[in-house]
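Commentary on secondary and tertiary structure
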Amino acid sequence: MATEKILMIGAGRMAQAIINGLMQADFNHILVGNNGNAQRLEEVESRFGVRTTNQWQNHVSDQDIIILAVPPEAHEEVLTALGEVIDGQLVLTVAAGIDVTYLESRLPEGTPVSWLMPNTAAAKGESMTLFTLGKYVTDEHEYYIEKILFSIGQFKKLTEEQVHRITPITGSGPAFVYRLADVLIKEVQKAGVTEVVAKQLIAQMVKGSSVMLTSDLKCPQDLMDEVATPGGVTEKGLQVFDDHHFDDMIKEAIRKCVDHATRDE
Ligand SMILES: NC(=O)c1ccc[n+]([C@@H]2O[C@H](COP(=O)([O-])OP(=O)(O)OC[C@H]3O[C@@H](n4cnc5c(N)ncnc54)[C@H](OP(=O)(O)O)[C@@H]3O)[C@@H](O)[C@H]2O)c1
């Protein structure tokens with residue numbers, strides 16, 4: 001059992017996804033605070049068996065790690081309150097755009113910080129999380145950060161700049177995949193099967209493709225070539241992608257996400 005004491009500030013979707021992972025990774029000293037929604041704290045308490053507080057500021061001195069799972073716009077207020085009571089604890093945030101430069105500029109000199117960017121699959125322990133470390137993070141801190149991240153999926157340490165640039169792909173990307181899945185499910189249903197069955201067929205197809213991408217040394221083009229024999233059925237379908245500039249469309253979608261994320265920061 002991990003003995004580190006963790007204070008989670010925020011009790012919403014991402015906080016609960018992480019708490020779920022933490023419990024499975026044997027972090028059992030978890031205290032959760034929020035912005036005053038008492039019903040939400042009760043739900044979290046009964047769902048996970050963690051302790052909760054409506055006055056998280058009073059408990060900071062007793063904690064080892066503080067995780068911020070609050071909206072980006074709440075960080076100014078939360079970090080100001082945290083800065084008054086913190087004393088060297090490790091501070092992590094999962095908020096979009098709240099990088100380590102921002103955290104270090106608003107917390108006392110020497111505070112170890114890290115910016116984590118998970119995606120929604122964290123709820124099922126399958127996040128692809130990007131993270132970057134502040135300048136006061138030690139090897140021991142990094143060990144705990146990785147242990148936390150492992151509990152919600154896979155992770156990759158990158159520079160702050162890389163996290164800014166890649167998050168719009170790993171964070172928004174699942175929605176692009178779901179969009180494709182939605183079209184395919186509706187097409188399957190036209191053959192007279194139920195939505196449940198159609199979803200099952202497409203989900204397994206996406207999962208199988210993901211496994212091939214993950215486990216096979218072949219690149220996506222090789223895998224495409226395996227499916228699309230020259231002159232065959234799939235080749236005709238891929239030709240439509242080319243005719244409609246599919247690659248350019250995806251690149252443009254990512255560019256828009258990056259532009260928007262940069263504008264919001
Ligand atoms: N959802 C995702 O898939 C996802 C993915 C990656 C990153 N994130 C990041 O995760 C963070 C949380 O997102 P979410 O989807 O979990 O949001 P959410 O479900 O709306 O939950 C937000 C939580 O923050 C709390 N909060 C808001 N202002 C606060 C304040 N001033 N002091 C203390 N607590 C405060 C709320 O308290 P109450 O319970 O009192 O309302 C609530 O528990 C965001 O920064 C987001 O960028 C989310």
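From a predicted model like this one, the values you see are computed outputs, not experimental measurements. (Residues numbered from 1 in each chain as written. Predicted model: local features only at pLDDT ≥ 70, side-chain atom pairs only at ≥ 80, totals over all residues. Heavy atoms only, no water.)

**Side note on the nonpolar core**
Test applied: Here, the term nonpolar core denotes a set of buried Ala, Val, Leu, Ile, Met, Phe, Trp, Tyr and Cys residues that are joined through side-chain atoms within 4.5 Å. Buried, partly exposed and exposed residues are distinguished by accessible area as a fraction of the type maximum, computed with a 1.4 Å probe on protein chains only: under 20%, between the cut-offs, and over 50%, respectively. What counts as a helix is a DSSP run of H or I of at least four residues, what counts as a strand is a run of E of at least two, and both are numbered from the N terminus. Whether two residues are in contact is decided by their heavy atoms, any of which lying within 4.5 Å being enough.
The biggest cluster of nonpolar side chains holds 31 residues, and the ones touching the most others in it are M8, L22, V32, I67 and I148. Elements with a minimum of two residues in this core: β1 (2–9), α1 (13–24), β2 (27–33), α2 (38–48), β4 (65–68), β5 (90–93) and α5 (139–150). In terms of residues, this core owes the most to one element, α1, which gives 5 residues. For V32, the residues in contact, after removing those within four places along its chain, are M8, G10, A11, I19, L41, V44, V50, R51, T52 and T53. Core analysis: the second largest hydrophobic core is formed by 26 residues, L7, L31, I66 and V100 among them.

**Quick notes on the packing of helix α7 (residues 173–189) against helix α8 (residues 195–215)**
Formally: Axis definition: a line fit to C-alpha positions, over the contact stretch in the case of helices; interaxial angles, taken between N-to-C directions, run 0 to 180 degrees. Any angle from 65 to 115 degrees is called roughly perpendicular, while one under 35 is roughly parallel, one over 145 is roughly antiparallel, and all others are oblique. Crossings are assigned a handedness: left-handed for a near helix turned anticlockwise from the far helix by less than a right angle, right-handed for a clockwise turn. Note that Gly is not counted as nonpolar here; it falls among the polar residues with everything else outside the nonpolar set of Ala, Val, Leu, Ile, Met, Phe, Trp, Tyr, Cys and Pro and the charged set of Asp, Glu, Lys and Arg.
Where α7 contacts α8, the two axes come as close as 9 Å, and the packing angle between them is 135 degrees. What the angle tells us is that α7 and α8 run oblique. Crossing of α7 against α8: the hand is right-handed. Contact with α7, carried on its side by V177, A181, L184, I185, V188 and Q189, involves E195, A198, K199, L201, I202, M205 and V206 of α8 and no other residues of that element. A class-by-class count of the residues in the contact of α7 with α8 yields 10 nonpolar, 1 polar and 2 charged.

**Concerning the pairing of strand β6 (residues 113–117)**
Selection criterion: Strands are labelled as partners when DSSP assigns at least two bridges between them. Handedness of a crossover: with both strands directed away from the viewer, a clockwise path from the first strand across the helix to the second marks it as right-handed.
Burial within β6 is extensive, with 5 of its 5 residues counted as buried. Side-chain alternation along β6 places V113, W115 and M117 on one buried face and S114 and L116 on a second face that is also buried. Two elements, β5 and β6, share 3 bridges in a ladder whose sense is parallel. Along β6, the bridge assignment pairs T93 with W115. Each parallel crossover has a hand, and for β5 linked through helix α4 (residues 100–106) to β6 it is right-handed.

**Some words on the UniProt feature "binding site: NADP(+)" (unreviewed entry) in the protein chain**
Stated precisely, the cut-off is as follows: UniProt positions are given in the numbering used here, feature names are shortened, and annotations may be inferred rather than shown by experiment.
With numbering matched to this structure, UniProt assigns "binding site: NADP(+)" (unreviewed entry) to I9, G10, A11, G12, R13, M14, A69, V70, P71 and P72. The greatest C-alpha distance among the residues just named is 14.4 Å, despite their covering 64 residues of sequence, which places them together in space. Along the chain, A11 turns up in the loop between β1 and α1. Taking the relative accessible area as the measure of exposure, A11 reaches 3% and is therefore buried. Once residues lying within four places of it in the same chain are set aside, the contact partners of A11 are Q16, V32, G33, N34, R40, L41 and V44. The exposure class of A69 is buried, given its relative accessible area of 15%. Setting aside chain neighbours within four positions, we find A69 in contact with M8, I9, G10, A15 and V94.

**Comments concerning the pairing of β5**
Regular strands have side chains that alternate between both faces of the sheet. Where burial is concerned, the two faces of β5 agree: the one with L90 and L92 and the one with V91 and T93 are both buried. Sheet topology note: the β4/β5 ladder contains 4 bridges and is parallel. Within β5, the position partnered with I67 by the bridge is L92. Viewed along the sheet, the connection from β4 through helix α3 (residues 75–85) into β5 turns out right-handed.

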